[in-house]
Amino acid sequence: MRLTVLGCSGTYPGPDSPCSGYLVEHEGFRLVLELGNGALGQLQRHCDIRDVDAVWVSHLHPDHCLDLVAWSYALRYHPQGQRPPVPVHGPDGLAARLAAACEAPPLDGLAEVFVHTTVSPGTMTLGPFEVTTARVAHPVEAHAVRLTAGGRSLVYSGDTAASQALVELARDCDLLLCEASWASEPAPPPGIHLTGREAGDHAARAGARRVVLTHVMPVTDPQAVLAEAREGYTGAMHLARCGDVFEV
Ligand SMILES: [Zn+2]
Ligand SMILES: [Zn+2]
């Protein structure tokens, strides 16, 4: 499968990247993981925005889903007419959250373009992907996901603080796309995100074969995050950059 980074800035857009967005392709199927602020623009560099087969959203924070609102306008008023509704898989409440961000009641505009399915921990099939979801540690309901296709596996952490569930979900995966929002100094608030050191530790404990660090906040020094992550994980490790492509 192929992973393309549409956006990797943590919490809010930075000067070099939109917020979270990842395009995962396999056998012609296009799955978009997250569509945070600005990621819709980058998506247009890689495919026609009418040619996405499914969307998966980890949690309801705007930096992971708000561009679904912008996308809904593009789909509703496209000069070639509306395509069939896009399947959107996300936590309970995603449809209402997006509708509230989009328009005042009656809230029905998004229903024309998206068909929502509530995600809960477990395994389902999405096109060619086996999709396994696990609950991770964040101030709101949040999920990590493991995508398996063609004998390869990609695990995405979503937003999480230290999480044994993430370690288990990422066991022996081919690529772990792991959030590392902060460096360890100054000490960040607990229970929200991983530091670089924690991300490296999680990757090592999981036995991940390759790691891409993402969701680094604009105020965080990415090289400091990478350096401390490498203290705990000695395999191949990269910092995500907008536009990066990884063959998994
Ligand atoms: Zn986030
Ligand atoms: Zn979040």
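Data block above holds the structure.
This is a predicted model, so every value here is computed, not measured.

Draft legend 1. Up close: the environment of Thr123. Locating Thr123 in the fold gives a position in strand β7 (residues 122-126). Take Thr123: its relative accessible area is 53%, and that puts it in the exposed class. As a C-alpha pair, Thr123 and Ala96 span 27 residues in sequence and 24 Å in three-dimensional space. Excluding residues within four positions of it along the chain, Thr123 makes contact with Glu130, Val131 and Thr132. Engagement of the side chain of Thr123 in a polar contact is seen with the side chain of Thr132, the distance being 2.9 Å.

Draft legend 2. Looking closely at the coordination of the zinc ion (ligand 2). Binding of the zinc ion (ligand 2) to the protein goes through His59 (NE2), His61 (ND1), His138 (NE2) and Asp159 (OD), at separations of 2.1 to 2.4 Å. If you look at the zinc ion (ligand 2), its four donor atoms make angles of 91 to 166° with each other, and the shape they trace is irregular. For the zinc ion (ligand 2), all donor residues lie on one chain, and their spacing in sequence is H-x1-H-x76-H-x20-D. The metal-metal distance between the zinc ion (ligand 2) and the zinc ion (ligand 1) is 3.6 Å, with Asp159 coordinating both. On the criterion of sequence distance, the pair formed by His61 in the loop between β4 (54-56) and α2 (62-65) and His138 in the loop between β8 (129-135) and β9 (143-149) is long-range, its members being 77 residues apart.

Draft legend 3. Structural view of the nonpolar core. Membership of the largest hydrophobic core comes to 28 residues, with the highest contact counts inside it found for Val155, Leu166, Leu176, Val211, Leu213 and Met237. Only α5 (164-169), β11 (175-179), α6 (196-206), β12 (210-214), α7 (222-232) and β13 (236-239) provide two or more residues apiece to this core. Apart from residues no more than four positions distant in its own chain, Leu166 is found in contact with Val136, Ala144, Val155, Ser157, Thr160, Leu176, Cys178, Leu194 and His202.

Draft legend 4. Examining the sheet that holds β9 more closely. Taken in spatial order, the seven strands line up as β7-β8-β9-β10-β11-β12-β13 in an open sheet, and their pairing is mixed. Each having just a single partner strand, β7 and β13 make up the two edges of the open sheet. Averaged over all adjacent pairs, the angle separating strand axes in this sheet is 20°, with direction ignored. By the bridge criterion, five bridges tie β7 to β8 in an arrangement that is antiparallel. The residue of β8 that forms the bridge with Thr125 is Glu130. Running at roughly 155° to β11, α6 makes contact with β11, β12 and β13 of the sheet. Set on the sheet, α7 makes contact with β12 and β13; between it and β13 the angle comes to about 165°.

Draft legend 5. Layout of unusual backbone geometry. Geometrically, the link from Glu185 to Pro186 is a cis peptide bond, its omega value of -10° lying close to zero. Examined against the element boundaries, Pro186 turns out to sit in the loop between β11 and α6. The backbone phi angle of Thr11 is positive, close to 75°, even though this residue is not glycine. Relative to the helices and strands, Thr11 is located in the loop between β1 (2-7) and β2 (21-26). Looking at Thr11, the relative accessible area reads 36%, which means it is partly exposed. Unlike most non-glycine residues, Glu34 shows phi in positive territory, near 70°. In this fold, Glu34 is placed in strand β3 (residues 29-35).

Draft legend 6. Inspection of the sheet that holds β3 at higher detail. The strand order across the open sheet built from seven strands is β6-β5-β4-β3-β2-β1-β14, with neighbouring strands paired in mixed fashion. The sheet terminates laterally at β6 (114-118) and β14 (245-247), the two strands that pair on one side only. If you compare each strand with its neighbour and ignore which way they point, the axes differ by 20° on average. The sheet contact formed by β2 and β3 spans six bridges and is antiparallel. Note that in β3 the partner of Gly21 across the bridge is Leu35.

Quick notes on the rules
By convention here, each chain's residues receive numbers from 1 onward along its written sequence. Whichever chain is written first becomes A and whichever ligand is written first becomes 1, with later ones labelled in order. Residues qualify for local features only when their pLDDT is at least 70, as the model is predicted, and side-chain atom pairs are given and counted only at 80 or more; totals for whole chains, interfaces and linings, by contrast, use all residues. Side-chain metrics in this entry use all non-hydrogen atoms of the structure; hydrogen atoms and water are not considered. Each helix is a run of H or I in the DSSP string that is no shorter than four residues. Each strand is a run of E no shorter than two, and both are numbered from the N terminus. When accessible area is computed with a 1.4 Å probe and restricted to protein chains, residues below 20% of their type maximum are described as buried, those above 50% as exposed, and intermediate ones as partly exposed. Working rule for contacts: check all heavy atoms of both residues, and any pair within 4.5 Å makes them a contact. Under the rule applied, a polar contact is a pair of N or O atoms within 3.5 Å (in protein, one hydrogen donor and one hydrogen acceptor; residues adjacent in sequence only if both atoms are side-chain atoms). A donor here means any N, O or S atom no more than 2.8 Å from the metal (3.2 Å for Na, K and Ca); water is not included, so a site may seem to lack partners. Key to geometry: four donors with every angle between 85 and 135 degrees are tetrahedral; four donors are square planar and six octahedral where opposite donors lie over 155 degrees apart and all remaining angles lie between 65 and 115; all other sites are irregular. Put simply, a nonpolar core is a bunch of buried Ala, Val, Leu, Ile, Met, Phe, Trp, Tyr and Cys residues held in one set by side-chain atoms that sit within 4.5 Å of each other. Two strands make a pair as long as DSSP finds a minimum of two bridges between them. For helices, the fitted line uses only the C-alpha atoms of the stretch in contact; every axis is such a line through C-alpha atoms, and the angle between N-to-C directions lies from 0 to 180 degrees.

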